[in-house]
Amino acid sequence: MKITVIRAEMVSTSSWAGGISKQYYIYPASSSYAARDFQFRLSMAISSAEEETAYSHLENITRHLIMLEGTAHVFHKGHYDLVMHPYQEIDVFDGGWESSGSGKVTDFNLMLGKGASGKMSVVTESSSTTLGVVCAECNKACDVTAFLCGYGSAELAFAAGESFALAQGDLLLIEEIDSEAVVDILLKDAKLVRIDICV
């Protein structure tokens, strides 16, 4: 397996209409957010304004969105709107929709392009968990799993004896997952966002 720790201070930052965005990872490495030619992208957005702000238009991109801090009111014109609280609702929507949100929040995004599928979940308790889970959408074992430490700290240990400590804002990315690989997760007053992806 290939394991990479992306520390919060290493993440590149850019501005958008409502605040700042932090790109943790984009795949393939040769792709770019501006060109919209990625298979998947992991990013964090920090909204600095209470008023409603339009989301970026991302045609042919499926978005998975979770709040890390603050409460947001999310609007998808012609579809639905919802109130999102930290680590509770996970909104999955078409990036081509006319969407917007209000509230001073920090959120985390999984963006999936053509040929990719995946899901988000929240880890709230220390546990042992299996990697390479089967994706319900494509019925294949996921190629990539990531864990974002939303707050607190955590330790993730693997059978080979490798152990990784995560602080708030750090992300652990696991690629080339071994069949039925297991990771032991020890949370220290923390919550993790788990992301499983098939490409």
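Residues numbered from 1 in each chain as written. Predicted model: local features only at pLDDT ≥ 70, side-chain atom pairs only at ≥ 80, totals over all residues. Heavy atoms only, no water.

### Focus on the nonpolar core
Inclusion rule: Among the buried residues, those of types Ala, Val, Leu, Ile, Met, Phe, Trp, Tyr and Cys that are joined through side-chain atoms within 4.5 Å form a nonpolar core. Accessible area is worked out with a 1.4 Å probe on protein chains only. A residue is then buried under 20% of its type maximum, exposed over 50%, and partly exposed in between. Helix and strand labels come from DSSP, where a helix needs a run of H or I of at least four residues and a strand needs a run of E of at least two; each type is numbered from the N terminus.
Core analysis: the biggest nonpolar cluster contains 23 residues, and Y24, L42, F108, L171 and I195 have the highest contact counts within it. Looking at this core, the elements that each hand over two or more residues are β3 (19-27), β4 (40-47), β6 (62-69), β11 (106-112), β14 (144-158), β16 (171-175) and β17 (182-198). Membership of the second largest hydrophobic core comes to 20 residues, among which are I3, F147, C149 and L172.

### Notes on the pattern of salt bridges
Heads up, the condition is: Throughout this description, the term salt bridge denotes a Lys or Arg side-chain nitrogen within 4 Å of a carboxyl oxygen of Asp or Glu.
A complete count under the given rule lists 5 salt bridges for this structure. Between R7 and D170 there is a salt bridge whose closest N-O contact spans 2.8 Å. Of this pair, R7 sits in the loop between β1 (2-6) and β2 (12-16) while D170 sits in the loop between β15 (163-167) and β16, and the two are 163 residues apart along the sequence. Its salt-bridge partner being R194, residue D196 comes within 2.9 Å of it at the nearest N-O pair. Taken individually, D196 and R194 each receive the classification buried, so the pair is uniform in this respect.

### What to know about the layout of surface pockets
What counts is decided by this rule: Only protein atoms enter the 1 Å grid used here, on which a cavity is any set of points holding a 1.4 Å probe that cannot leave and a pocket is any open set flanked by protein within 12 Å on both sides along at least five of seven lines; residues with an atom within 4 Å of a point are listed as lining. Grid points are joined across faces, edges and corners, and a volume is the space filled by probe spheres set on the points. Think of it as three bins: nonpolar holds Ala, Val, Leu, Ile, Met, Phe, Trp, Tyr, Cys and Pro, charged holds Asp, Glu, Lys and Arg, and polar takes everything else, Gly as well.
Here the largest pocket defines a volume of roughly 330 Å³. Surrounding the largest pocket, 24 residues form its lining, W16, S21, A45, S56 and R63 being those nearest its centre. Elements that contribute at least two residues to the lining of the largest pocket include exactly β2, β4, β6, β10 (99-102) and β11. In terms of residues, the lining of the largest pocket owes the most to one element, β4, which gives 4 residues. A class-by-class count of the residues in the lining of the largest pocket yields 9 nonpolar, 11 polar and 4 charged.

### Let's talk about the environment of R41
Just so we agree on the cut-off: We define a polar contact as two N or O atoms separated by no more than 3.5 Å, with the added condition that, inside protein, one atom must be a possible hydrogen donor and the other a possible acceptor, whereas residues neighbouring each other in sequence contribute only through side-chain atom pairs.
Here R41 shows up in strand β4. Between the C-alpha atom of R41 and that of M84, which follows or precedes it by 43 residues, the distance is 21 Å. In terms of polar contacts, R41 uses its side chain to reach the side chain of S43, at 3.2 Å.

### Things to note about the sheet that holds β4
Note the cut-off: For two strands to pair, DSSP has to find at least two bridges joining them. Axis definition: a line fitted to C-alpha atoms, limited for helices to the stretch in contact. Angles are taken between N-to-C directions and run from 0 to 180 degrees.
Reading across the sheet, the 6 strands line up as β2-β3-β4-β11-β6-β9 and stay open at both edges, with antiparallel pairing between neighbours. The open sheet has two edge strands with one neighbour each: β2 and β9 (90-94). Ignoring which end each strand starts from, the neighbouring axes of this sheet average 25° apart. Note: β6 against β9, 5 bridges, orientation antiparallel. Note that in β9 the partner of T62 across the bridge is D94.

### Section: the sheet that holds strand β7 (residues 72-76)
Taken together, the 4 strands give an open sheet; going across it, the order is β5-β10-β7-β8, and neighbouring strands pair in antiparallel fashion. The strands lining the two open edges of the sheet, one partner per strand, are β5 (53-54) and β8 (80-84). Where β7 and β10 come together, 4 bridges link them in antiparallel fashion. If you follow F75 over to β10, its bridge partner there is S100.

### Here we look at the environment of E155
Note the cut-off: A contact between two residues is defined here by any heavy atoms of the two lying within 4.5 Å.
Looking at the secondary structure, you find E155 in strand β14. For the pair E155 and W97, spaced 58 residues apart in sequence, the C-alpha to C-alpha distance is 38 Å. Once you skip the residues sitting within four places of it in the chain, E155 turns out to touch S163, F164, A165, D184, I185, L186 and K188. A distance of 2.7 Å separates polar atoms of two side chains, one belonging to E155 and the other to S163.

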